Amino acid sequence: MMSKSIKIKKSLSLDDIEEILKDINANKTIDLQLPISIDYTGFGILPSFFLAFFTWVRNNNGKIILPINENDLKKLEDFATDYYGYVILSTIWRNFDIVNKNNVNIKLSFKDFTGKMHQYIDSLTINLPNESILVPSYDHFPKEKGLSHWFYSHDNEFFNTPSGIENSIYHILSQINKNYKQRLKRNISDSFDDINTIVWELLKNTDEHATTDYLGQIKLLPNTRGLFMKIHRSSKNNFISNTKHEGLKEYYIDALDDDEFSFFLEISVFDSGPGLIKRFLGKEWSDDRAIEKNVDTIKNCLFKGQSSVKSNEGVNKGFGLDEVLNLLDKKRGFLKIRTGNVSVYKNLIKSKYKKFDNPSEIELFDWQSLSNENYTKMPTSEGSLVTLAIPLN
């Protein structure tokens, strides 16, 4: 009897990814038929696909099917040295089969090429895809191999202040900015400290909250976390016409200049952990909570100093997302959060950051309804994804 499978298209939209999540949630044993590459030029496409993939990894017993002959070294290398393929291979290496359409197991054929991609990311070489950088960490590998040296010290501890990653962020921004160095140099320089702090806050959250189950007791294996940064370039009209999402369209209208080319920086931090809602609530979490209560939990995560997670000294540690909102407001940015069954966004030009007395006052807009009152229950995903847009004109 043939296993049921989902065939993933090369060109994906955010709506396509939500449909993939529906299928994954509906089946406990389902294979994933993957293309050799996907088009991740749109806003948040690649990290959003990772959330769907992590959900399959956490809840499924299927296998990965790839259209690659075991002797086709070029295609094997192309898949393993693309961010998309590299994260997939590194996440499932110990736990899942990878076969081709002839049902030949081809997993070991990738070994040399994944090692090569690891070296590319470790050194940020010119071999990496243009205008984007992805730096992953893997908690299922030994720390010295799994935790990226760009964000972890020699003793494998996450840097405890934003200054610890300044050099890393400088190198990452230099790499993705190499094609537009003179044009964007001033803007990126002016924004550097804020970008650095935003990335540090988001990565700190994955280190503190995304490595164990929602009770903080069991180490999640396999477990993948990472940073994806990309410069998006197009005319303002193209940005507007090429998105179907009305909230993003409104943001592009407000944020971008009428130049021949407009630029914005995407910052996405993703993980395959328990998700913001489950981790915040801990033992109080249940899977039958109303969607409005889950959105309220996200608001609590965004409220300064709020957290159910305690430090070794017994003091509650905030998620730091309030500071991210504050800095993003200064940069006229855009925020999207996808976790659990919640997908919300905030246009910091229209909906300004304020220091509220109560988290319920924070405005978050539903990705589907565009409302800050009526929220849509989305297909459940594992992990969390925070995606930001910062204009660079």
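Described in the following lines is the structure provided in the data block. From a predicted model like this one, the values you see are computed outputs, not experimental measurements. (Residues numbered from 1 in each chain as written. Predicted model: local features only at pLDDT ≥ 70, side-chain atom pairs only at ≥ 80, totals over all residues. Heavy atoms only, no water.)

For the rest of this paragraph, the subject is the overall build of the protein chain. When helices and strands are tallied, the protein chain shows 13 helices and 11 strands. By the compact-globule yardstick of 21 Å for 393 residues, the protein chain fits well, its C-alpha radius of gyration being 20 Å. Taken across its 393 residues, the protein chain has 58% of its residues classed as buried. The long-range fraction of contacts in the protein chain, counting pairs at least 24 apart against all pairs at least 6 apart in sequence, stands at 74%. Working note: accessible area of the protein chain is about 17,500 Å², and carbon and sulfur atoms make up 45% of it. Computed over 50 positive and 52 negative side-chain charges, the inter-centroid distance for the protein chain is 2 Å. (Helix = DSSP H or I, 4+ residues; strand = E, 2+ residues; numbered from the N terminus. Rg over C-alpha atoms; globule rule 2.2 N^0.38 Å. Buried < 20%, exposed > 50% of the residue type's maximum accessible area, 1.4 Å probe, protein only. Contact = heavy atoms within 4.5 Å. Areas by Shrake-Rupley, 256 points an atom, 1.4 Å probe, with all protein chains shown as cover. Lys, Arg positive; Asp, Glu negative; His and termini not counted. Charge placed at Lys NZ, Arg CZ, Asp CG, Glu CD.)

The next subject is the nonpolar core. Ranked by size, the top nonpolar core spans 124 residues in total, and within it Phe-49, Phe-53, Trp-56, Tyr-83, Phe-110, Phe-151 and Met-229 carry the most contacts. For Phe-49, the residues in contact, after removing those within four places along its chain, are Ile-8, Leu-12, Ile-17, Leu-34, Ile-38, Tyr-84 and Ile-88. (Core = buried A, V, L, I, M, F, W, Y, C linked by side-chain atoms within 4.5 Å.)

Quick look at the sheet that holds strand 10 (residues 365-366) now. As summarised here, the arrangement of the 7 strands in space is 5-6-7-11-8-9-10, forming an open sheet in which the pairing is antiparallel. Where the open sheet ends on each side, the last strands, each with one partner, are strand 5 (132-138) and strand 10. Taken together, the 7 bridges between strand 8 (residues 334-340) and strand 11 (residues 381-391) define a ladder with antiparallel strand orientation. The residue bridging Arg-338 from the neighbouring strand is Leu-385, located in strand 11. (Pairing = 2+ DSSP bridges.)

Below, the discussion takes up the pairing of strand 5. Across the 7 residues that make up strand 5, a large majority, 7, are buried. Burial of the side chains of strand 5 extends over both faces: Ser-132, Leu-134, Pro-136 and Tyr-138 are buried on one face and Ile-133, Val-135 and Ser-137 on the other. Two elements, strand 5 and strand 6 (residues 224-234), share 7 bridges in a ladder whose sense is antiparallel. If you follow Ser-132 over to strand 6, its bridge partner there is Lys-230.

With that settled, the discussion passes to the side chain of Ser-371. Along the chain, the position of Ser-371 falls in the loop between strand 10 and strand 11. Owing to a relative accessible area of 16%, Ser-371 belongs among the buried residues under this scheme. A polar contact of 2.8 Å, which involves the side chain of Ser-371, links it to the backbone nitrogen of Glu-373. A polar atom in the side chain of Ser-371 sits 2.9 Å from the backbone nitrogen of Asn-374. (Polar contact = N/O pair within 3.5 Å; in protein donor to acceptor, adjacent residues only side chain to side chain.)

Looking now at the packing of aromatic side chains. Inspection of the entire model under this criterion finds 27 aromatic pairs. Here the aromatic rings of Tyr-251 and Phe-334 are separated by 5.1 Å at their centres, their planes lie at 50°, and the arrangement is tilted. In this pair, Tyr-251 is assigned in helix 10 (residues 246-255) and Phe-334 in strand 8, connecting sequence segments 83 residues apart. The pair formed by Tyr-251 and Phe-334 is uniform in burial state, with each residue classed as buried. Cluster of aromatic residues (ring-pair linked, three or more members): Phe-43, Phe-239, Tyr-251, Tyr-252, Phe-264, Phe-334, Tyr-345, Phe-365 and Trp-367. Sitting above the plane of the Phe-141 ring, Lys-145 keeps its charged end 5.0 Å from the centroid. The ring of Phe-261 is capped by Arg-233, whose NZ or CZ atom sits 4.5 Å from the centre of that ring. (Phe/Tyr/Trp six-rings, centres within 6.5 Å; stacked < 30°, edge-to-face > 60°. Lys NZ or Arg CZ within 6 Å of the ring centre and 35° of its normal.)

Further remarks concern the packing of helix 7 (residues 166-176) against helix 8 (residues 181-209). It is at 10 Å that the axes of helix 7 and helix 8 come closest, and there the two elements cross at 125°. In this view, helix 7 runs oblique relative to helix 8, as classed from their interaxial angle. The two elements helix 7 and helix 8 meet at a crossing, and its hand is right-handed. Along its contact with helix 7, which presents Glu-166, Ile-169, Tyr-170 and Leu-173, the element helix 8 presents Ile-188, Phe-192, Ile-195, Asn-196 and Val-199. Split by residue class, the contact of helix 7 with helix 8 holds 7 nonpolar, 1 polar and 1 charged. (Axes fitted to C-alpha atoms, helices over the stretch in contact; angles between N-to-C directions. Parallel < 35°, antiparallel > 145°, perpendicular 65-115°, else oblique. Left-handed = near helix turned anticlockwise from the far one by under 90°. Nonpolar A, V, L, I, M, F, W, Y, C, P; charged D, E, K, R; others polar.)

Under the defined criterion, the tally for this structure stands at 15 salt bridges. Between Lys-350 and Asp-254 there is a salt bridge whose closest N-O contact spans 3.9 Å. Here Lys-350 is found in the loop between strand 9 (342-347) and strand 10, whereas its partner Asp-254 is found in helix 10, with 96 residues between them in sequence. Since its relative accessible area comes to 53%, Lys-350 is described here as exposed. (Salt bridge = Lys/Arg side-chain N within 4 Å of Asp/Glu carboxyl O.)

Quick look at helix 10 now. Listed in full, the buried residues belonging to helix 10 are Gly-247, Leu-248, Tyr-251, Tyr-252 and Ala-255. Projected down its long axis, helix 10 shows its buried positions confined to an angular sector of 135°, all on one face. (Arc of directions from axis to C-beta.)

Right, let's get into the environment of Tyr-353. One can find Tyr-353 in the loop between strand 9 and strand 10. Taking the C-alpha atoms as reference, Tyr-353 lies 8.9 Å from Asp-322; in sequence the two are 31 residues apart. Excluding residues that lie within four positions of it along the chain, Tyr-353 makes contacts with Asp-322, Leu-325, Asn-326, Asp-329 and Leu-348. Separated by 3.0 Å, the side chains of Tyr-353 and Asp-322 make a polar contact.

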